[in-house]
Each structure stands twice: as structure tokens, then as C-alpha cells.
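Letter by letter, the chains look like this.
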Amino acid sequence: MAEYTRQDILDIIEREDIEFIRLQFTDISGRLKNMATTIKQIDKILDGHYRFDCKAIDGFGGTGYEELFLVPDLDTFVIFPWRPQNGKVARFLCDVVKPDGTPFAGDSRYILKKAAKEAESMGFSFKTAIKNEFFLFDIGENGEPANYSSEKGGYFDVGPADCGENARRDMVLYLSDMDIDVETSYHSDEAAQHVLDLSYAPPLVMADSIMTTRLVVRTVAKRHGLHATFMPKPGENVKGSGAHYIFSLDKDGRNIFTDRGDRFGISKEGYSFMAGILKHIAGMSLVTNPIVNSYKRLVPGYLAPVMAGWSGTDASPLIRMSSIGPDGGRVILRSPDGAANPYLVIASCLAAGMEGMKNKLEPPACMEELSKKEIKNVQILPRTLHEAVKFFKKDSFIQEVLGYHIPGQLIKAKEMEWDEYCRQVTLWETEHYLSAI
């Protein structure tokens, strides 16, 4: 990732003929927001004087301020490679601050910065990678997004069975132009389902990269006449799309999750980090799986996790511990999905894992060692958004990680979402009950 000064930015703007600037930030729900202006406003932008109506953003209200300000992170400055080459368009990812210049407590980027800073103060270097799953569906007759595709590809297929390979190629190239390293891309299990694996990066860089990747995937799909969606479960009887977060921790240049003498190659620190996540996974499910549809994916029979367990050999439990390959020991969390706010997911997992290490928590036995009777006693993950809200309310630690503003806003928004969902009468209900009762 480049490190820019103010003068570097001004030089690039002049050299590259940049005419438009987009100021982007992420709301509490993990949606990318945007303000656009011309290069004539560059001094105002760089001075952090761009304000916006915070009441217009879900979860940003109730602060006592009518307006908040956007402060660009200079190191996130990139040119959109798909935009015109004359009069180019560039963007900054921004921090959100109050009128007095102090951080806004509802800025999820700020929440992750705080969590990462605490780990750094202890001498740790935290790294995160991710496996992004998404579908590339057809466009309907009237141009509306659809949830079907004529494609029939499966795991690691090639063209012509894999109809998305050209779109994925453009995604990878655009992301590379934006300094985001895609380690692998391939067709996933279900028809029209695809994967982009992002390489390890520091936590803030990774969360920024995830938000940028979502934008690039949707933009490229549209240019190819397709609709991209990270919706966790866009159809019945298919495996859903997850966002598998991969964590490792270095100290003095060494991966401290690695112990080659362990049967899985994992150190005590690695197991304690994992145990911390397991301790709080129910409470953080509202963060990792934040919408009603998230829980349609977390059901038995579709390779998604349903219990708070772990394994060193089986790829299907909630957490997989691995040290295979040159990366060393790592913790792979498989429950999150593409609807989640990556800043809050990484902050929650980092804080929970570090708490596990501080308290030297011991994890439960791995899933393959449990008898059928013992497996029945393993904690079940929340099965609905309503249950996730209940667990979140009980977990004061995760709420503290997210600060004083975000928890209340999350609870309010998700209780409203659940209430609205409960008022719906679905096609399943009419098919099963309308003529029978």
C-alpha cells in the first residue's frame, strides 16, 4: 500500500489528469457511501473540511450534530481504472469526524483503528485475509436484478461451463490496478457462484480492501451484463455465500500461532485466540451475520457452520485451525457473510481473540473428537436475527469493543428489520396453508 503525502496527491492529480474526486465512507451497516466533487475542491478535501448531513445516514443520527466531516486517508487514494482516461476519477476512503475534529464514535473505521492499536501496543502485528464468495446472476428482461443464471458451472470449472471467468479476470485486473492483491479467483460450488481470495494485509488495509472489492465486483458485473450479489442465501436449495476471515498474529517477525510440535501445527497462543472468538461468537453474530437472510445460510446440510465448534482437519465447522503451507498457523472463521461490515467484524474478532490470549483460554475439544452425545451439547449459533440481537445484548464485551454509539444503533435497526420481516406473508406460507386451513 502506498504512503502518500499531500504533495504526492497534488502531483498525481496533475500528472494523471484527474478531474473528479469521490469521498467514500462506510456506514454502520457496512454500506459504502459516496460524495463526489471536482478537483477544484482539492484543498478543501485535503484539509478535511467536507461536511455532510449525518441524519441522512442510517445509524449516524442522534449525535447532537447536524453535520459531520470527512477526512481523507491519503494512503487510500486510487484512480478508478474503469472510468474515462481523460478527466479521470479518483477516490479517497475517509474517516468521519465531529465538527471539533475528534473521531465520530459511529465511524466503524475508527472502531477498527482502536482495536488494532491496542494489539500493536503489545508488540503484535495482526494480519487478515479473506475468501469472498458471491453470485453473478443474469439481468431480468426489464433490467432488474435476478437470482437465476443459465450457467451450470461447479467447483474450479473452466469456460465455457464457467461463464464468469472473463468478468473475474477484469475484477482481478482492476483490483490489482488499485493495489489490492487477489491471491486466487475461481468458480465456486454452485452455478454462477464465484470466489476472490484476497491476500494477507493489516486489519485496516484489509477492511478497506473488502469494501473496495465489493464495489469493483458489482461494477464489473454490470459492465458484463450481469448482476453481482454478496447476499448470503439468494436462492433455495443452494449453498450460500460466505466471507471466510483468516487471522494470524506476528511478533518480532514470527507467526506466534505456529507450533510445529502440535498435531495441527498450532501454538497455545493460537488456540487461546480461537477460544476467545468461540467465547463471544454468539454475541458477535449480529456483527458477522447482520441481516435476516444471513440465517437462511447458517442451516444444516449446506456446508455452512451451525455450531460453535472447531476442527483441524474438517473444513465445515465454524472455525478451522490450519498451519498447512508457508503462512504458518492461522484461524479461519467461516460464519461471516458479505452483508457484514468488515471493519466491525475484524475489530470484534481481534478484540475477542486478544482477550482469549490475555486470559490463556482453553478451547473445547475439536469436533471430530466428540461423541454424538457430546456434539449435542455444543452451543448452537443463533438461528435467526432475533436470536442474534438477544445474544448481542448480553455480551457487554463486544458492545464495549464497538463503543458507546454503534451497539444501540445496531440493536434499534435490527429489531426494526426483524419486526418488518415478521409482518411478511411468504410464498411458502400461502402454498402450505392457504388451501389446507
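The structure under discussion appears in the preceding block.
Since we're looking at a predicted model, the values are computed, not measured.

### Brief notes about unusual backbone geometry
Of the consecutive residues G159 and P160, the connecting peptide bond is found in the cis state with omega at 5°. Along the polypeptide, P160 turns up in the loop between β7 (125-137) and α4 (165-177). Despite not being glycine, L303 shows a phi value in the positive range, around 65°. As for its position among the elements, L303 is in the loop between α7 (294-297) and β13 (310-311). One non-glycine residue with positive phi stands out, namely K360, at about 50°. Mapped onto the elements, K360 comes out in the loop between α8 (342-358) and α9 (372-375).

### Description of the pattern of salt bridges
Summed over all chains, the structure comprises 20 salt bridges. Here K358 ties to E118 by a salt bridge, and the two come within 2.8 Å at their closest N and O atoms. Here E118 lies in helix α3 (residues 108-121) and K358 lies in helix α8, a separation of 240 residues in the sequence. A salt bridge links K239 to E190, with the shortest nitrogen-to-oxygen separation between them at 3.9 Å. In this pair, K239 is assigned in the loop between β10 (227-229) and β11 (243-251) and E190 in the loop between β8 (182-187) and β9 (193-201), connecting sequence segments 49 residues apart. Its relative accessible area of 16% is what places E190 among the buried residues.

### Considerations on the layout of surface pockets
Size it by volume and the largest pocket reaches roughly 890 Å³. In this structure, the largest pocket is lined by 28 residues; those nearest its centre are S29, G30, R31, D58 and K414. Of the residues forming the lining of the largest pocket, the biggest block, 9 residues, is contributed by helix α12 (residues 406-422). Its volume calculated, the second largest pocket comes out at about 730 Å³. For the second largest pocket, the lining is made up of 33 residues, of which K131, Y186, D197, H244 and R320 are closest to its centre. Elements with a contribution of two residues or more to the lining of the second largest pocket: β7, β8, β9, β11, β14 (319-322) and β15 (330-333). Among the elements that take part in the lining of the second largest pocket, β9 stands out by supplying 5 residues, more than any other.

### Focus: the packing of helix α10 (residues 385-394) against α12
Closest axis-to-axis distance for the α10/α12 pair is 10 Å, and the angle between their directions is 160°. Between α10 and α12, the angle falls in the class roughly antiparallel. Considering the relative orientation of α10 and α12, their crossing is left-handed. Along the contact surface, α10 presents L385, H386, V389, F392 and K393, while α12 presents P407, L410, I411, K414, E415, E417 and W418. A class-by-class count of the residues in the contact of α10 with α12 yields 7 nonpolar, 1 polar and 4 charged.

### Looking at the environment of F135
With respect to the secondary-structure elements, F135 resides in strand β7. Those residues in contact with F135 that sit more than four places away from it in its chain are E190, A191, A192, Q193, H227, A228, T229, P234, K239 and S241.

### Thoughts on empty space enclosed by the protein
One pass over the structure, following the stated rule, counts 2 cavities of 30 Å³ or more. Here the largest cavity is characterised by a volume of approximately 60 Å³. Forming the walls of the largest cavity are I28, S29, L286, V287, P290, A339, N341, L344, L410 and K414. Partitioning the lining of the largest cavity into residue classes produces 7 nonpolar, 2 polar and 1 charged. The calculated volume of the second largest cavity comes to roughly 50 Å³. A total of 3 residues in the lining of the second largest cavity trace back to one element, the largest contributor, which is strand β1 (residues 18-26). Residues belonging to the lining of the second largest cavity are distributed by class as follows: 4 nonpolar, 3 polar and 2 charged.

Conventions adopted
- Residues numbered from 1 in each chain as written.
- Predicted model: local features only at pLDDT ≥ 70, side-chain atom pairs only at ≥ 80, totals over all residues.
- Heavy atoms only, no water.
- Helix = DSSP H or I, 4+ residues; strand = E, 2+ residues; numbered from the N terminus.
- Salt bridge = Lys/Arg side-chain N within 4 Å of Asp/Glu carboxyl O.
- Buried < 20%, exposed > 50% of the residue type's maximum accessible area, 1.4 Å probe, protein only.
- 1 Å grid on protein atoms, 1.4 Å probe; cavity = no way out; pocket = protein on both sides within 12 Å on 5 of 7 lines; lining within 4 Å.
- Points joined across faces, edges and corners; volume = space filled by probe spheres on them.
- Axes fitted to C-alpha atoms, helices over the stretch in contact; angles between N-to-C directions.
- Parallel < 35°, antiparallel > 145°, perpendicular 65-115°, else oblique.
- Left-handed = near helix turned anticlockwise from the far one by under 90°.
- Contact = heavy atoms within 4.5 Å.
- Nonpolar A, V, L, I, M, F, W, Y, C, P; charged D, E, K, R; others polar.

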